[in-house]
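# Commentary on secondary and tertiary structure
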Amino acid sequence: MSAWFMFLTFPIMVIRVNPVERIIEWRWNNMILVGIGSFILSFVWNYLMKRKELGTKKTEAGEKIDTIPLAQRVLGEKRIYVPVLIAAGIFTIVFPFIFSMYQTTIMTTALIYVMLGLGLNIVVGLAGLLDLGYVAFYAVGAYAYALLNYHFGLGFWIALPIGGALGAIFGIVLGFPVLRLRGDYLAIVTLGFGEIIRIILENWNEFSFGPSGIANISRPSLFGIDLSVHDSTIYLYYIMIGLCLFTVFVVNRLQDSRIGRAWIALREDEVACQAMGIDKAKTKLTAFALGATWAGMAGVVFAAKTTFVNPASFTIWESIIVLCIVVLGGMGSIIGVIAGALVLILTPEYLRAFAEYRMLAFGTLLVVMMIFRPGGIIPNVRRVYKFEGAKSANKS
Amino acid sequence: MDYFLELFLGGLTRGSIYALIALGYTMVYGIIELINFAHGEIYMIGAFTALIVISVLTLMGMNTIAMLVIAGVIAVVYSCAYGYTVEKIAYKPLRNSPRLSALISAIGMSMFLQNYVLLAQTSDFLPFPSLIPDFEFMEPYAHIIGSTEIVILATTTVVMVLLTVMIKFTKMGKAMRATSQDKTMAMLVGINVNQVISVTFIVGSATAAIGGVLIASHVGMINFYVGFIAGIKAFVAAVLGGIGSIPGAVLGSFVLGWTESFATGYVSSDYEDVFAFLFLVLILIFRPAGILGRSEKHKL
């Protein structure tokens, strides 16, 4: 196995060519690294595979295993989670005062991703529609604020709902043609939409000022008072905290509502869902629209935070990072998505030395998570319906 | 008229490259119903391997034709190896999982391979030497079609014919068709499904590598990102023709190639990628099964 990988990576890892100057660099030490690395990794891989197989065998044999994972049990315990929640609350409130402005800015970015993740969670996690063009709605929100501010001087607080509404409208417009499509087609079409929006922003100079973007977007003001850069960073951080709490609240309520149940039913089985009298088109469109609303609002905050937007911020990789967040955290699980966003956005910030390996790690993460832990780090607890008097519990 | 002809032939060349990549998508989809997002990356790795081999051989002082053949062969071998490994690592463990999982895993693999090449090599565009000599008999038509285009068209045709023969007449081809119809049934009649899937990935990767080498020498430069866009477009082509159908993939590729060529020639070159995606959306709205695809009945 190790020899195979050494063979596999030989041309790319060992030889580096420079065709302009006709120099060839031989990097044999890389080969040794690959050999040793894959030798160790193959053992880890085999071990994990064995564990996974053991797990499936156990379920097949009907052995009793804990259906509720540890993380959820901890969260379910009131004695533990109330103090933790309070501590987390205090920590978030005092955060900008004990840490530097730089830290606060990073945290705000992470919170924007929390919001994006929660929004995408509606589409991917609950409704099971893989949307790879999610960044398009983010861009719509950001450009909505940027353009409104540039042309009409509208403030942040007016732009926020407008951005959300525009996101929702775009969600419906883009969702309409893809209603009939299943999983993989949907992924590719949404990806296409995302790219279309980015390319249009890049090329339509009269409208969006092309690749140079729009600068000098005003920061949010506090009841008409303009704040200094330092204050407004802190202010924005609190706005983001508020918005995130609002998002969590809404998503949480949505999950248990009629429409949330309809989404989950749609994810599990479209045909059975329609047989139960759920309007497929309407349900899918609401998922798209609601998911896009959060992205639109997050976009407005993003524009206000950086005071500058250009199309380069809205590439397909942004969508995939958000997807990573949802997958890592656990599809459909709110707390998981929050944890996922914080881990994925904050870790690369603090490990600057490894910043260039970030995307490599994300890619690996997606594959490994899907194979060994498809539920994410904090999986969502599926509703379990227990028969009275019956031994086995059926998954609903 | 000359301009039209030029665009037409340009579209044809483009289309045949897309076809080489789209074949891999469509074959894999036909058999395991998975969009192999990493396919574009396999193609990119093929091109990179060829570039590296060519550079090494140039320093050793070899003549161009031999170099092209050797580089092509090594690129194909490596692409096949990568295709095989990717399948074993990222898709095989997920064969019985929901399709969303396999798709996400495929996206992850694509990201991994892209960044692996980016980190191990460079993020700059590297010039790719044009190895195909100008044919003398092409001289009078040189303003319409170059000899590189001719080579591309010829190679594509040969690959298509070989592939069709393989699928129609060999035992492996028969096994592939059986597997794509019903995996369980194929297993019951004694087909080694795992082997069939591996072979599909290998064949798909080989055609992608050929496409990679050809397009790299046509365009003249490559970087780690070429695979992604080309992969997406080839996928669009495969969907256009009806995914899972091999003649469909070829037809779809040509349609896409012409669309792009004419749209950029007559409308605007800024929106080249937009046309491809718009076309995809329109096709999916009006004819979701593609041009040659049969509409699938959802069985319960």
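Residues numbered from 1 in each chain as written. Chains lettered and ligands numbered in written order. Predicted model: local features only at pLDDT ≥ 70, side-chain atom pairs only at ≥ 80, totals over all residues.

Looking now at the overall build of chain B. In terms of helices and strands, chain B carries 11 helices and 2 strands. The order of α-helices and β-strands along chain B, N terminus first, is α-α-α-α-β-α-α-α-α-β-α-α-α. Within the span of chain B, comprising 300 residues, buried residues form 51% of the whole. Pairs at least 24 apart in sequence give 77% of the contacts found in chain B among residues at least 6 apart. (Helix = DSSP H or I, 4+ residues; strand = E, 2+ residues; numbered from the N terminus. Buried ≥ 20, exposed ≤ 12 C-beta atoms within 10 Å, placed from the backbone. Contact = placed C-beta atoms within 7 Å.)

Another point: the packing of helix α7 (residues 156-175) of chain A against helix α13 (residues 280-306) of chain A. Residues and elements named next belong to chain A. It is the contact of α7 with α13, at a shortest axis distance of 7 Å, that shows an interaxial angle of 145°. For the crossing formed where α7 meets α13, the hand is right-handed. The class makeup of the residues in the contact of α7 with α13 is 16 nonpolar, 9 polar and 1 charged. (Axes fitted to C-alpha atoms, helices over the stretch in contact; angles between N-to-C directions. Left-handed = near helix turned anticlockwise from the far one by under 90°. Nonpolar A, V, L, I, M, F, W, Y, C, P; charged D, E, K, R; others polar.)

For any two helices packed against each other, the geometry comes down to the angle between their axes and how far apart the axes lie. All names here are of chain B. At a minimum axis separation of 9 Å, helix α2 (residues 39-60) and helix α4 (residues 99-120) run at an interaxial angle of 20°. Relative to α4, the element α2 is oriented roughly parallel. In the packing of α2 onto α4, the handedness of the crossing is left-handed. Contacts between α2 and α4 involve G40, E41, M44, I45 and F48 from the former and S110, L113, Q114 and V117 from the latter. (Parallel < 35°, antiparallel > 145°, perpendicular 65-115°, else oblique.)

Before going further, it helps to spend a moment on the confidence of the model for chain B. Across chain B, the average pLDDT comes to 79, with 88% of residues at 70 or higher. What the predictor reports for the complex is a pTM of 0.80 with an ipTM of 0.76. (pLDDT = per-residue confidence, 0-100.)

Quick look at the interface of chain A and chain B now. The interface is formed by 44 residues belonging to chain A together with 50 residues belonging to chain B. Elements represented by at least two residues in the side of chain A that touches chain B include exactly α1 (2-14), β1 (15-18), α8 (183-203), α14 (316-329) and α16 (358-372) of chain A. The dominant element in the side of chain A that touches chain B, judged by the number of residues it contributes, is α8 of chain A, at 12 residues. Of the residues that constitute the side of chain A that touches chain B, the class distribution is 32 nonpolar, 6 polar and 6 charged.

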